[in-house]
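# Close look at the chain arrangement
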Amino acid sequence: MSNTRRLIRQTLTIARRDFTATVFTPTFLLFLFAPFLFMGLSAAIGGMGAASIAERGERALRIVALTAPADRELLFAGDRNLRAMFRDRDAPPALELPATAANDERTARAQLDRRDAQVTAVLYGPLDRPTVLHAPIGTRSAAYLAQLADQGIRLRETGTRPKSTARLVEVKRARAAPLSSDEGGFFAVFALFFLTLLLAGQVVSSMAEERSNKVIEVLAAAVPLESVFLGKLIGMFGVALTFVAFWGTIAANVASVLPGNVGAALAGMAPALGLPTFVMLFVAYFTMAYLLLGAVFLGVGAQASTPREIQMLSLPITIFQVAMFGLASAAAANPGGWVATAAAVFPFSSPFAMAGRAASAPALWPHLLALAWQLGWVALTVAIGARAFRRGVLQSAGPKLKWFRRAAVDTPVS
Amino acid sequence: MLQAPELALQAHGLVKRFGDRRVVDGIDIAVPAGSIYGVLGPNGAGKTTTLRMLLGILEPDEGHRTLLGHARPREASDRVGYLPEERGLYPGMKAREAIAFMGALRGLDWRTGRKRAEAMLEEAGLGHAIDEKIRKLSKGMAQLVQLLGSVVHEPDFIVLDEPFSGLDPVNQNRLEALIHAQRDRGATILFSTHVMAHAERLCDRLTIIARGRARFEGTVADARGTLPYRAHYVPHHAHEGLAALLPADAVREGDGFRFVVPDEGIEPLLSRLLAAGHGISGLSIERPSLHDVFVRIVGPDALEETPA
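From a predicted model like this one, the values you see are computed outputs, not experimental measurements. (Residues numbered from 1 in each chain as written. Chains lettered and ligands numbered in written order. Predicted model: local features only at pLDDT ≥ 70, side-chain atom pairs only at ≥ 80, totals over all residues. Heavy atoms only, no water.)

So, on to the overall build of chain A. Broken down by element type, chain A carries 16 helices and 6 strands. The proportion of buried residues among the 414 residues of chain A is 42%. Across chain A, the fraction of contacts at a sequence separation of at least 24, relative to all contacts at a separation of at least 6, is 74%. Summed over all atoms, the accessible surface of chain A reaches about 22100 Å², with 65% contributed by carbon and sulfur. (Helix = DSSP H or I, 4+ residues; strand = E, 2+ residues; numbered from the N terminus. Buried < 20%, exposed > 50% of the residue type's maximum accessible area, 1.4 Å probe, protein only. Contact = heavy atoms within 4.5 Å. Areas by Shrake-Rupley, 256 points an atom, 1.4 Å probe, with all protein chains shown as cover.)

Now the structure itself:
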């Protein structure tokens, strides 16, 4: 058997062991369904938070207009017209029009100081020259009240009856609308970051098992440590693909069970390169990101001898990942800028940045170039990672007290 | 003319340094194919490091070795079985899978590995543990499983590092039988131990290592031949003057005397004792044990240095 074939066979044996040992366990089911728990928890917390905010806002946030009784109807009508343009969450606080004859600064200030409600802005004075007092957080509310006064004047002059009655017709697009460059790009970057953070980080501690149960010498004696390294990387990548396939399948089918308008909105979104190409590129970039970061993590993780050391090593690794995410996000927000170029060229942020680009820009050739570039870096990183792994595991060089050396010296029977 | 035996393993001048310490200091080993070869030495002598270098797990700082005709031992790894001193199995694996996995690492296909694992476990009296996870087995059973895993691919060369440690006497006998069976199959076995009884029963040849150096190489008989025979004599009549007739190193032991058989042989001494009327109530002449040889070769200093 040729050396290459033997290396492949040994690598796949390690990969198979790691894959089955991870996937065919109850713990993996927990891991697989963890996003459900995460989403449920987030939804519950978010829902409670939103309900709390909404409740507090409904009770407390107000804008007040002190006007002559004759103008109250005008302002009500104007408020109704203007408010229709806002989504609920963006709408100004509820408008109050107190039935009071007082229309002066002192009354307005008293309104701002109310304890039963949080008044963000108060309008007083004549509608053609009103004054608006507002709290520091009430700038937009103040602008809204000013606009409302203007609207009131117009309605006074023309009457509250609409002069134009528009017919609103919803039309489905023949072709899906591309995502806007920043939101689509950010979505892709975040998805890729989340997946690699969740999955590639696992390999950091994968050597701990062999260390703790002393299997490492059995492996090291039977196969080259490069095979152990590659096998672990491939095995855990298989685990990652299983995870992605599971959640990808759910995501692909989830639109059908979503409420009609949400599903239609999702179906209406499309990456700039088209969905099939985008999916292929996303998988390719995920592979690159996983192998690049996984090789680094595995190489670094092999330097640790104890769970405590692994924990200590995890922090800089996570910081590094977040930095790559930040760089790629900045690139997604500004696709034409130098940050985008830097993020696309720097190998460890390139997969994220290019995934973002795939969502927002239609050109295909930069992706082919980027994949070739990343593939070269994957080869280089795997080679360096394998060497670091070998050093870390065999522990035959360097100033640090190494595993085999320690075993050889400490072992009572040698 | 006798032909030199074919060697399964050959090593010359192996040196391994850890820092300033020469853990292995110029060891030579030649293991004839089809033999059982022992590497003996006290704790900390460098046995494990030597074995790791012979297998290519560690690279020697100096010297070279040839394993099954390969100057790079790892190229022969599929034909090698290895039981490390630090036993290690995946606790979540079933016994059958663990054995098949170890075979797969050495090139045996999983299906054959599983079949052989079942047969071997049955033969070893562990049939009930075929589907048991390693974590549920006793330490001795797990050790036996690992041993079976190291030979499941029917290797030509088997290295066992302290294979008897942790085994009860019944399992020690099983292991000895297994080693003999592997040798009968045609495999070469190299094992390290510091328990002389096993070496004495099993080894065709052996080397004794102390402080990183080989102090003896040869057969068990050669080793025992390095020390003179000892005699235990019980006189029939212990009259005055008996001590003067006995060799100078004779020491009283019970109702008799123990001494090294003189170079001239035991017969002249016995003649003198009979002529003086001391008679012979008891006489035994004993070959020195491997333990005696080991203690003499290794030296009390080396033994005292040995960690507890």
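All names here are of chain B. Taken in spatial order, the 4 strands make up an open sheet running β11-β12-β10-β13, and their pairing is antiparallel. Pairing within the sheet leaves two strands with one partner each, and these edge strands are β11 (251-253) and β13 (282-286). On average, each strand axis in the sheet is tilted by 25° relative to the strand beside it, whichever way the strands run. Two elements, strand β10 (residues 230-234) and β13, share 5 bridges in a ladder whose sense is antiparallel. Each residue of the ladder has a partner; that of Tyr233, found in β13, is Leu283. (Pairing = 2+ DSSP bridges. Axes fitted to C-alpha atoms, helices over the stretch in contact; angles between N-to-C directions.)

All names here are of chain B. For the structure on display, the rule yields 32 salt bridges over all chains. Linking Arg22 and Asp25 is a salt bridge whose minimum nitrogen-to-oxygen distance equals 2.8 Å. Residues Asp25 and Arg213 are paired through a salt bridge, measuring 3.0 Å at the closest nitrogen-oxygen approach. A residue pair is termed long-range when its members are at least 10 positions apart, and Asp25 in strand β2 (residues 21-32) and Arg213 in strand β9 (residues 213-218) qualify at 188 residues. Look at Asp25 and you get buried, because its relative accessible area is 17%. (Salt bridge = Lys/Arg side-chain N within 4 Å of Asp/Glu carboxyl O.)

Residues and elements named next belong to chain A. An order of β2-β1-β3-β4 is seen for the 4 strands of this open sheet, with the pairing classed as mixed. The open sheet terminates on both sides in strands that have one partner only, identified here as β2 (94-96) and β4 (131-134). Sheet twist, expressed as the average angle between the axes of neighbouring strands with direction ignored, equals 20°. Relative to strand β3 (residues 118-124), strand β1 (residues 61-65) is paired through 5 bridges, and the arrangement is parallel. Each residue of the ladder has a partner; that of Arg62, found in β3, is Val119. Running over the sheet, helix α5 (residues 139-158) touches β1, β2, β3 and β4 and is turned about 30° from β3.

At the junction of the two partners, chain B supplies 39 residues and chain A supplies 30 residues. Remark: the boundary between chain B and chain A carries 2 salt bridges. Across the contact surface, chain B and chain A share 8 residue pairs in polar contact (both at pLDDT 80 or more). Of all the secondary structure elements, the ones that give two or more residues to the side of chain B that touches chain A are α1 (47-55), α2 (95-105) and α3 (110-123) of chain B. A per-class count over the side of chain B that touches chain A returns 16 nonpolar, 11 polar and 12 charged. (Polar contact = N/O pair within 3.5 Å; in protein donor to acceptor, adjacent residues only side chain to side chain. Nonpolar A, V, L, I, M, F, W, Y, C, P; charged D, E, K, R; others polar.)

For a regular strand, the rule is simple: side chains alternate between the two faces of the sheet. Residues and elements named next belong to chain B. The buried fraction of strand β6 (residues 157-161) is high, at 5 of 5 residues. Here β6 shows two buried faces, one formed by Phe157, Val159 and Asp161 and the other by Ile158 and Leu160. One ladder, built from 4 bridges, connects strand β5 (residues 80-83) with β6; its direction is parallel. Among the inter-strand pairings, Val80 is bridged to a residue of β6, identified as Phe157. Looking at chain direction, β6 and strand β7 (residues 188-193) are connected through 5 bridges and run parallel. Within the sheet, the bridge partner assigned to Leu160 lies in β7 and is Phe191. Once the chain exits β6 it traverses helix α5 (residues 169-185) before rejoining the sheet at β7, and the crossover so formed is right-handed. (Right-handed = clockwise from strand over helix to strand, strands pointing away.)

What follows covers the packing of aromatic side chains. The full count for this structure, using the stated rule, is 17 aromatic pairs over all chains. On the numbers, 5.1 Å between centres and 50° between planes, the contact of Phe237 of chain A with Tyr290 of chain A is tilted. Separated by 53 residues along the polypeptide, Phe237 of chain A in helix α9 (residues 225-254) and Tyr290 of chain A in helix α11 (residues 275-301) bring together distant segments of the chain. In this structure Phe237 of chain A comes out as buried when scored by relative accessible area, which is 14%. For the ring pair Phe278 of chain A and Phe282 of chain A, a centre distance of 5.9 Å and an interplane angle of 40° mean the geometry is tilted. Pair noted here: Phe278 of chain A and Phe282 of chain A are both in helix α11, with a separation of 4 residues, about one helical turn. Each member of the pair Phe278 of chain A and Phe282 of chain A is classed as buried. Each member of the aromatic cluster is reached from another via a ring pair, and the members are Phe28, Phe31, Phe33, Phe243, Phe246 and Trp247 of chain A. If you follow Arg16 of chain A out to its NZ or CZ, it ends over the ring of Trp110 of chain B, 4.2 Å from the centre. Across the ring face of Tyr90 of chain B, the terminal group of Arg17 of chain A is positioned such that the distance to the ring centre comes to 3.4 Å. (Phe/Tyr/Trp six-rings, centres within 6.5 Å; stacked < 30°, edge-to-face > 60°. Lys NZ or Arg CZ within 6 Å of the ring centre and 35° of its normal.)

By themselves, these figures tell us nothing about what the structure is for.
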